[in-house]
Amino acid sequence: MFRLTGLLMVAAMVLAACGGGGIAPPPLGPDGRPIARVYEVRNMNPAEVQFRMLDAVNSYRQAGNRPPVQLNAQLNAAAATHSRDMSVQNRPWHFGSDGSSPVDRVRRAGYPGTLRGEAISETYESELETLAAWMADPLTRNVIMDRNARDMGFAWFQERGGKIWWTLTLGG
């Protein structure tokens, strides 16, 4: 009897230790669903975010037997200009408020190569969640996986309310 009681106590302690480890459940909204947390990218080191995206893009490219791309300062500048401009226009699209196209922006930034494509997004998600969404769409996936791309620009603009405007530009 003593042995059985001891085993039950040990089993109860083991089960209690498995009870969540002190991790609180996410707060719930009035609809009973978890409240979305704002991804704060505005205070992060831009180079760290850009290199994290570069590594992720190159992982996809390597898996698809594509050559790696490298970050390019002119393409980063063109992407940053467009991210801010999309916020001003309050719409995700490839044309600037002055009517400029992606080709125009890349030229203005001084990029000597050829624009291979651009991926844009308006979201509250992280850069890696955004990349996953781009890879799930055949059109943006083709831009990211372009065999002739050699250079990449990546930038964002985050509004006060948390909305992020992402721009990824590829050149070759």
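Scroll up for the structure.
Note that this is a predicted model, so its numbers are computed, not measured.

Student: Looking at this structure, I do not really get the environment of Gly113. What am I missing?
Tutor: Relative to the elements of secondary structure, Gly113 occurs in the loop between helix 4 (102-108) and strand 2 (115-123). Under the relative-accessibility criterion, Gly113 is labelled partly exposed at 30%. Linking Gly113 and Asp151, residues 38 residues apart in sequence, is a C-alpha distance of 8.8 Å.

Student: Would you take a moment to explain unusual backbone geometry for this structure?
Tutor: Phi is mostly negative for residues that are not glycine, and the peptide bonds are mostly trans. Located in the positive-phi region is Asn65, a residue other than glycine, with phi close to 60°. One can find Asn65 in the loop between helix 2 (46-63) and strand 1 (70-71). Located in the positive-phi region is Asn90, a residue other than glycine, with phi close to 55°. Take Asn90: it is sitting in the loop between helix 3 (73-89) and helix 4.

Student: Is there a simple way to think about the nonpolar core in this case?
Tutor: In globular proteins that are soluble, nonpolar side chains generally tend to be buried together. Trp134, Met152, Phe154 and Leu168 are the most contacted members of the largest nonpolar core, which totals 22 residues. Among the elements of the structure, helix 2, helix 5 (127-136), helix 6 (138-144), strand 3 (151-158) and strand 4 (164-171) are those that each provide at least two residues to this core. Sorting elements by how many residues they give to this core places helix 2 first, with 5 residues. Sequence-distant contacts of Leu168, defined by excluding residues within four places in its chain, comprise Met53, Val57, Gly117, Glu118, Ala119, Trp134, Ile144, Met152, Gly153 and Phe154.

Student: I keep staring at the pairing of strand 4 and nothing clicks. Help me out?
Tutor: If a strand is regular, its side chains alternate between the two faces of the sheet. Within strand 4, 8 of the 8 residues are buried, which leaves the element mostly enclosed by the surrounding structure. Here 8 bridges tie strand 2 to strand 4, and the two strands are oriented antiparallel to one another. Along strand 4, the bridge assignment pairs Leu115 with Gly171. Judged from the 8 bridges that link them, strand 3 and strand 4 form a sheet pairing that is antiparallel. Paired with Ala155 across the two strands is Thr167, which belongs to strand 4.

Student: Help me out: how do you make sense of the sheet that holds strand 1 in this one?
Tutor: In a beta sheet, neighbouring strands are held together by backbone hydrogen bonds and run either parallel or antiparallel to one another. Strand order in the open sheet formed by 4 strands is 1-3-4-2, and the pairing between neighbours is mixed. Every other strand in the sheet has two partners, leaving strand 1 and strand 2 as the edge strands with one partner each. The strands touched by helix 2 are strand 1, strand 3 and strand 4; relative to strand 3, the strand with the most contacts, the crossing angle is about 130°. In the packing of helix 3 onto the sheet, contacts are made with strand 1, strand 2, strand 3 and strand 4, and the angle to strand 3 comes to roughly 30°.

Student: Help me understand the packing of aromatic side chains in this model?
Tutor: What characterises a pair of aromatic rings is the spacing of the ring centres plus the angle enclosed by the ring planes. Enumeration over the complete set of coordinates arrives at 4 aromatic pairs. Look at Phe154 and Trp166: their rings are 5.4 Å apart centre to centre, the planes differ by 10°, and that puts the pair in the stacked class. Here Phe154 is found in strand 3, whereas its partner Trp166 is found in strand 4, with 12 residues between them in sequence. Trp166 sits in the buried class, given a relative accessible area of 0%.

Reading the values: the criteria
- Residues numbered from 1 in each chain as written.
- Predicted model: local features only at pLDDT ≥ 70, side-chain atom pairs only at ≥ 80, totals over all residues.
- Heavy atoms only, no water.
- Helix = DSSP H or I, 4+ residues; strand = E, 2+ residues; numbered from the N terminus.
- Buried < 20%, exposed > 50% of the residue type's maximum accessible area, 1.4 Å probe, protein only.
- Core = buried A, V, L, I, M, F, W, Y, C linked by side-chain atoms within 4.5 Å.
- Contact = heavy atoms within 4.5 Å.
- Pairing = 2+ DSSP bridges.
- Axes fitted to C-alpha atoms, helices over the stretch in contact; angles between N-to-C directions.
- Phe/Tyr/Trp six-rings, centres within 6.5 Å; stacked < 30°, edge-to-face > 60°.

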